[in-house]
Amino acid sequence: MPTEPMPDFPAGFRWGVSTSAYQIEGAVGVDGRGSSIWDTFAHSPGRIVDGSTGDVACDHYHRHAEDVDLMAGLGVCAYRFSIAWPRVQPGGTGAANPAGLDFYDRLVDDLLARDIDPVATLFHWDLPQPLEDAGGWLNRDTAHRFAEYADLTAARLGDRVKLWITLNEPFVHMSLGHGMGVHAPGRMLLFDAFPVAHHQLLGHGLAVGALRARSTSPVAIANNYSPVRLAGDTDADRAAAAAYEALHNRLFTDPLLGRGYPAGQDFDAGVVRDGDLAVIAAPIDVLGVNYYNPTAVRAPEEGSPLPFDLVPLDGYPRTAFDWPVAPDGLRDLLGWLRDTYRDDLPPIEITEGGCAYDDAPDGTGRVPDPERIAYLDGHLRAVRAALDDGVDVRGYFVWSLLDNWEWAEGFTKRFGLVHVDFDTQVRTPKSSYAWLRDLIAASRRAPAA
Ligand code: PNW
């Protein structure tokens, strides 16, 4: 257990928790929801390590009142959830399905009644399957469909959602979903997946316009970043690190913040049309930063298809996902963002951070997770240090409120502050929940500086 008292955070610092629709909702056939690429992928044999699907997940669709109670008990200021596009537009186009929007309408009102800011992500990877059948994000038209969906959603919720997030981790959706085939839709295009980057960014820019027309709330995007650590000291190693940094950390952020695509790889893939970069650079109010770990990079072996080689990062404890626990990487990353984007960098919210461990009830009704407490303690201190470094960080959202369905890892990776028994759906707050509750309470009680 951490012993040093946590330094104070600024008054109004936004303490939050994050989830996403397909990972928690279940109720896949309910109230007219259409199918998404994740339904298709999860139901394809061999794709998910434990053979599970999100058909039921945490059954949050039917248990959201209990889950909002858990958030209220934690004392969070905000809840970041995602809206399932196939609930709003079962076929991916056309009129809204009112029953699908009703669910989010109720959720938003429940949150507001408990003084929790609703933070809504429009796309957390669950593309309507009919749009995938028409080419998905490889098809430029999907960007326009996304803006239409943003418009329908904001028409209903725009008066009450407090922060809009267009896309979640477009880099992961491009690379794991379309480059390497380990996420839906399971394409293995390697660098031929770049049109997926551009069309997501174009969809983001068009959606910013649609949201602005319907809502006065701030608009953001949630990118994942991984600070790059050099695992060698030759010029070839440095070139490899720069190539990886361009791909993972700059490919989406440079054009978003008005700098066009990074040089090097042919990132624009021949799909960029006149005017697109201006649409993509539509001003955003907040940059969402998802941070899990740094990446160690060195020069590739002769004949490698990639311009870099990723190697294990030594010297850190590891989570059950084998990801290094490196809070110093978060401080480095925030400094890198400030130094790289300077006056173009909007205020930051850490829209995800968290860790998976094999948490289990101990037989006395408790779920001890001291590693998660240590993880959060370290990463919150890193945020505090970054604030002292002058980086404008407005909040931290823990991934995740609940143990949930972790994509290709199925139910085998538990990221929650709250343990979920997936047979009974019983929720049990872990020891990290009580720790964070006390920290948030102390922070929200602290007098304004
Ligand atoms: C993020 N990687 O995904 C997502 O936004 C969440 O939905 C997810 O549950 C969470 O992080 C934990 O994994 C990622 O392989 C998935 O580097 C994979 C990677 C990174 C982020």
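The rules behind these values
Residue numbers restart at each chain and count upward from 1, following the sequence in its written direction. Local features in a predicted model are, by the rule used here, given only for residues with pLDDT of at least 70; side-chain atom pairs are given and counted only at 80 or more, and totals for whole chains, interfaces and linings are based on all residues. Side-chain measures were taken over the full set of non-hydrogen atoms in the model, leaving aside hydrogen atoms and water. Each residue gets one of three labels from its accessible area relative to the maximum for its type: buried under 20%, exposed over 50%, partly exposed in between, using a 1.4 Å probe on protein chains only. In DSSP terms, a helix is any run of H or I states spanning at least four residues, a strand is any run of E spanning at least two, and both are numbered starting from the N terminus. The rule for pairing is simple: two strands pair if DSSP sees at least two bridges between them. What a helix should span is 1.5 Å times the count of its residues minus one. Orientation is described by axes fitted as lines to C-alpha atoms, over the contacting stretch for helices, and by angles from 0 to 180 degrees between their N-to-C directions. Our angle categories are set so that under 35 degrees counts as roughly parallel, over 145 as roughly antiparallel, 65 to 115 as roughly perpendicular, and the remainder as oblique. A clockwise turn of the near helix away from the far one marks a right-handed crossing, whereas an anticlockwise turn of less than a right angle marks a left-handed crossing. Between two residues, a contact is recorded if the distance between any of their heavy atoms is within 4.5 Å. Gly counts as polar in this scheme, as do all residues outside two lists: the nonpolar Ala, Val, Leu, Ile, Met, Phe, Trp, Tyr, Cys and Pro, and the charged Asp, Glu, Lys and Arg.

1. Let's talk about the pairing of strand S5 (residues 219-225)
Working note: regular strand, side chains alternate between the two faces of the sheet.
Phase 1 of the analysis: Burial of S5 is extensive: seven of the seven residues sit out of reach of the surface.
Phase 2 of the analysis: Here S5 shows two buried faces, one formed by Val219, Ile221, Asn223 and Tyr225 and the other by Ala220, Ala222 and Asn224.
Phase 3 of the analysis: Here three bridges tie strand S4 (residues 163-168) to S5, and the two strands are oriented parallel to one another. By the bridge assignment, Trp164 is partnered in S5 with Val219.

2. Considerations on helix H13 (residues 327-341)
Phase 1 of the analysis: In this model H13 runs 22 Å from its N-terminal to its C-terminal C-alpha over 15 residues, within 8% of the 21 Å that 1.5 Å per residue would give.
Phase 2 of the analysis: For H13, the full list of buried residues reads Gly329, Leu330, Leu333, Leu334, Gly335, Trp336, Leu337, Thr340 and Tyr341.
Phase 3 of the analysis: Just past H13, the residue Arg342 takes up positive phi, approximately 45 degrees.

3. A short note on the packing of helix H3 (residues 60-74) against helix H5 (residues 98-113)
Phase 1 of the analysis: Where H3 contacts H5, the two axes come as close as 10 Å, and the packing angle between them is 15 degrees. Here H5 runs roughly parallel to H3, going by the angle between their axes. Considering how the two elements wind past one another, H3 and H5 form a crossing that is right-handed. Where H3 abuts H5, its residues His60, Tyr61, His64, Val68 and Met71 lie against Ala99, Phe103, Arg106, Leu107, Asp110 and Leu111.
Phase 2 of the analysis: Here the contact of H3 with H5 is composed, by residue class, of seven nonpolar, two polar and two charged.

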